[in-house]
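Residue-level listing of the chains:
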Amino acid sequence: MNQFVWDEMKFFVSRLSSLNVSETLKLNDESLCVFTDTPYENWVYYPNPEGDSESVSRAVEFFREHDDRAFMWPVYDSESLKHSGLIYAGDLVAMTLETEREYESNPSVTFIHIQSHDDVSLWACTAWHSFVEGDDVPENFIAFTDALINDRENISLTAAMYEGEPAGAFLTTIMGGLYYFGVLPEMRRLGIARSMMNEICRQNKRITLQATELGYKFYKSYGFTENFRMPVYSNDADIF
């Protein structure tokens, strides 16, 4: 199961690297840096650098050349990056769920699967404001979302509507990865998150995600199993 988590993460990062808004630096045959020109979705996939100081230096320089944009570097072992000069930003909790039962629906919650460029702003605004309160949605995040829908074979964007109003959003991959799972602050405590997860389970037999401490309690209560914790290093202590 642990390998499934890492394989899916690698798949997600590789899909990001293929977007027309992205720039990529290969560190070796299996590892890469991806810059998407967004505030948060910039990654290093190189789970265990084993003290490879050259790769660390190349990654840091890559993002320095791109406005010092914040990036995430999840690893197996925190010792491998402890002396790298990067900042330990916290842990992500790798979690998985095998979906075999029937899941109830909520007639008040409906779903829009984003298929056209006309619907990009709906998903981008809902996803953004589910995590960031008060700020306008950056244009580069809207452009990033617009690029994502061009990869419909591998990535699906879904907006949740509560009684016809935008309420939440999520992104799933063909591998069963779940990202950007969030509910707007004014729509919380209405059962929307559970309805969203039920919808995801109807579409996927196995799901994996990387939970922050904020979302961990919900995922655990829903039935997800904790696999392991991934230390995350960054050039920004507030990457989460």
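No experiment lies behind these values; they were computed from the predicted model shown.

> Would you mind showing me how to read the layout of surface pockets here?
One way to see where empty space is left: roll a probe the size of a water molecule over the atoms. A volume near 1400 Å³ is recorded for the largest pocket. As for the largest pocket, its lining consists of 38 residues, of which Phe131, Phe181, Gly182, Thr212 and Leu214 are closest to the centre. Counting only elements with at least two residues in the lining of the largest pocket, the list comes to helix 3 (120-131), strand 9 (178-183), helix 5 (192-203), strand 10 (206-211) and helix 6 (213-222). Broken down by element, the lining of the largest pocket gets its largest block of residues, six residues, from strand 9. Residues of the lining of the largest pocket, tallied by class, amount to 26 nonpolar, seven polar and five charged.

> Before we go on, may I ask you to explain the packing of aromatic side chains in this structure?
Where two aromatic rings form a pair, the distance of their centres and the angle of their planes describe that pair. Across all of its chains, the model carries 22 aromatic pairs by this definition. Ring geometry for phenylalanine 141 and phenylalanine 144: centres 6.0 Å apart, planes at 40°, overall tilted. Of this pair, phenylalanine 141 and phenylalanine 144 both sit in helix 4 (residues 139-148), three residues apart, which is roughly one turn of the helix. The exposure classification of phenylalanine 141 matches that of phenylalanine 144, with both residues buried. Measuring from centroid to centroid gives 6.1 Å for phenylalanine 218 and tyrosine 222, while their planes differ by 35°, and the two rings are tilted. Of this pair, phenylalanine 218 and tyrosine 222 both sit in helix 6, separated by four residues, roughly a single helical turn. We classify phenylalanine 218 as partly exposed; its relative accessible area is 23%.

> Would you explain the environment of tryptophan 73 in this entry?
Mapped onto the secondary structure, tryptophan 73 falls in strand 4 (residues 73-74). Between the alpha carbons of tryptophan 73 and alanine 89 there is a distance of 9.6 Å; along the sequence they are 16 residues apart. What tryptophan 73 contacts, discounting residues up to four positions off in sequence, is Val44, Tyr46, Pro49, Ser55, Val56, Ala59, Leu81, Leu86, Pro231, Val232 and Tyr233. A distance of 2.8 Å separates the side chain of tryptophan 73 from the backbone oxygen of tyrosine 46, its partner in a polar contact.

> Looking at this structure, how should I read the packing of helix 5 against helix 6?
For any two helices packed against each other, one specifies the inter-axial angle together with the distance between the axes. Interhelical geometry of helix 5 versus helix 6 gives an angle of 55° and a closest axis separation of 12 Å. One finds that helix 5 runs oblique with respect to helix 6. Between helix 5 and helix 6 lies a crossing whose hand is right-handed. Contacts between helix 5 and helix 6 involve Ala193, Arg194, Met197, Asn198 and Cys201 on the former and, on the latter, Phe218, Tyr219, Ser221 and Tyr222. Broken down by class, the residue content of the contact of helix 5 with helix 6 amounts to six nonpolar, two polar and one charged.

> I would appreciate a short explanation of the environment of isoleucine 174 in the present structure.
Considering the arrangement of structural elements, one finds isoleucine 174 in the loop between strand 8 (165-173) and strand 9. Judged by its relative accessible area of 57%, isoleucine 174 falls in the exposed class. For the pair isoleucine 174 and phenylalanine 11, spaced 163 residues apart in sequence, the C-alpha separation works out to 9.3 Å.

> What's the story with the pairing of strand 10 in this structure? I'm lost.
A regular strand places its side chains on the two faces of the sheet in alternate fashion. Taken across its six residues, strand 10 has five buried, putting it largely inside the fold. Bridge count for strand 5 (residues 87-98) against strand 10 is six bridges, and the pairing is antiparallel. Looking across to strand 10, one finds that threonine 96 is bridged to threonine 208.

Parameters and conventions
- Residues numbered from 1 in each chain as written.
- Predicted model: local features only at pLDDT ≥ 70, side-chain atom pairs only at ≥ 80, totals over all residues.
- Heavy atoms only, no water.
- 1 Å grid on protein atoms, 1.4 Å probe; cavity = no way out; pocket = protein on both sides within 12 Å on 5 of 7 lines; lining within 4 Å.
- Points joined across faces, edges and corners; volume = space filled by probe spheres on them.
- Helix = DSSP H or I, 4+ residues; strand = E, 2+ residues; numbered from the N terminus.
- Nonpolar A, V, L, I, M, F, W, Y, C, P; charged D, E, K, R; others polar.
- Phe/Tyr/Trp six-rings, centres within 6.5 Å; stacked < 30°, edge-to-face > 60°.
- Buried < 20%, exposed > 50% of the residue type's maximum accessible area, 1.4 Å probe, protein only.
- Contact = heavy atoms within 4.5 Å.
- Polar contact = N/O pair within 3.5 Å; in protein donor to acceptor, adjacent residues only side chain to side chain.
- Axes fitted to C-alpha atoms, helices over the stretch in contact; angles between N-to-C directions.
- Parallel < 35°, antiparallel > 145°, perpendicular 65-115°, else oblique.
- Left-handed = near helix turned anticlockwise from the far one by under 90°.
- Pairing = 2+ DSSP bridges.

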